[in-house]
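Descriptive analysis of the structure
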Amino acid sequence: QCRWENSRTARAAIRLLQTKRKNNITFPSIKLSDSDVSAGVCQRPQCRFETVMTGRGEDVHVILDIAHNPPAMITLVAKLEATYPNKHKRYVVGFSADKDIAQIGKLLLSFVPSPSNIHLVEAVNLRAAKIC
């Protein structure tokens, strides 16, 4: 059974959609086996704690995650600490301008041992927060 944070919600939504009638609302009948549902809800979208290796001959792990709000940042930092305890970490972060950057920044500074471990980047898109 999958243990991703949204897998139980996704499974419940699929089961609801498989019900032909609920509270006077008619849904299309969706036929999926339990194994199909399990396989589907265990898939992770890109950049959700996605691990990539640098290929530099060093044991350097790069974790990609789109933690874009305070609760997501708390979850990400906790997951990093649980997965890589006592490992040196650097955080490369960039945000969309419409996010709560101040609160996320405060949270990140409260978790990271030194501000020099945080690297700010600016995405090349219209929604990107400016760093200058």
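Here's what I pulled together on the structure shown here.

Calculation notes
- Residues numbered from 1 in each chain as written.
- Predicted model: local features only at pLDDT ≥ 70, side-chain atom pairs only at ≥ 80, totals over all residues.
- Heavy atoms only, no water.
- Helix = DSSP H or I, 4+ residues; strand = E, 2+ residues; numbered from the N terminus.
- Buried < 20%, exposed > 50% of the residue type's maximum accessible area, 1.4 Å probe, protein only.
- Contact = heavy atoms within 4.5 Å.
- Areas by Shrake-Rupley, 256 points an atom, 1.4 Å probe, with all protein chains shown as cover.
- Expected span 1.5 Å × (residues − 1).
- Arc of directions from axis to C-beta.
- Polar contact = N/O pair within 3.5 Å; in protein donor to acceptor, adjacent residues only side chain to side chain.
- Axes fitted to C-alpha atoms, helices over the stretch in contact; angles between N-to-C directions.
- Parallel < 35°, antiparallel > 145°, perpendicular 65-115°, else oblique.
- Left-handed = near helix turned anticlockwise from the far one by under 90°.
- Nonpolar A, V, L, I, M, F, W, Y, C, P; charged D, E, K, R; others polar.
- Core = buried A, V, L, I, M, F, W, Y, C linked by side-chain atoms within 4.5 Å.

Along the backbone of the protein chain there are 4 helices and 6 strands. Element order for the protein chain, N to C, with α for helix and β for strand: α-β-β-α-β-β-α-β-α-β. Relative to its 132 residues, the protein chain shows a buried fraction of 22%. Contacts spanning at least 24 positions in sequence make up 47% of the contacts within the protein chain whose residues lie at least 6 apart. Just so you have it, the protein chain exposes about 9700 Å², and 57% of that area is on carbon and sulfur atoms.

Glancing now at helix α3 (residues 70-83). Residues separated by three or four positions in an α-helix point in the same direction, a consequence of the helix having 3.6 residues per turn. For α3, which comprises 14 residues, the first-to-last C-alpha distance of 20 Å matches the rise-based estimate of 20 Å (1.5 Å per residue) to within 8%. Among all positions in α3, only P70, A72, M73, L76, V77 and L80 are buried. Buried residues of α3, viewed axially, fall in a sector of 160°; they line one side. Exposed and facing more than 90 degrees away from the buried side of α3 are P71 and A82. Packed against the buried residues of α3 are β4 (61-64), β5 (91-93) and α4 (101-111). Its side-chain oxygen 2.8 Å from the backbone nitrogen of A72, N69 forms the N-cap of α3.

Another point: the side chain of K89. Its place among the elements puts K89 in the loop between α3 and β5. Taking the relative accessible area as the measure of exposure, K89 reaches 13% and is therefore buried. Within the local environment of K89, its side chain forms a polar contact with the backbone oxygen of Y84, the two atoms lying 2.9 Å apart. Setting aside chain neighbours within four positions, we find K89 in contact with L80, E81, Y84 and N117.

Another aspect to go through is the side chain of N117. Note on placement: N117 falls in the loop between α4 and β6 (118-120). Classification of N117 by relative accessible area gives buried; the value is 7%. At 3.2 Å, the side chain of N117 forms a polar contact with the backbone oxygen of K89. In this structure N117 touches H88, K89, R90, Y91 and V112, once residues within four positions along its chain are discounted.

The description of two packed helices rests on the angle between their axes and on the distance between the axes. Where α3 contacts α4, the axes come no closer than 9 Å and their chain directions differ by 20°. Judged by the angle between their axes, α3 and α4 are roughly parallel. The handedness of the crossing between α3 and α4 is right-handed. Contacts from P70, M73, I74 and V77 in α3 reach Q103, I104, L107, L108 and F111 in α4. By residue class, the composition of the contact of α3 with α4 is 8 nonpolar, 1 polar and no charged.

In this structure, M73, L76, L80, Y91, V93 and L108 are the most contacted members of the largest nonpolar core, which totals 16 residues. When residues of this core are traced back to their parent elements, those giving at least two are α3, β5 and α4. Not counting residues within four places of it along the chain, the set of residues in contact with V93 comprises L108, I118, H119, L120 and V121.

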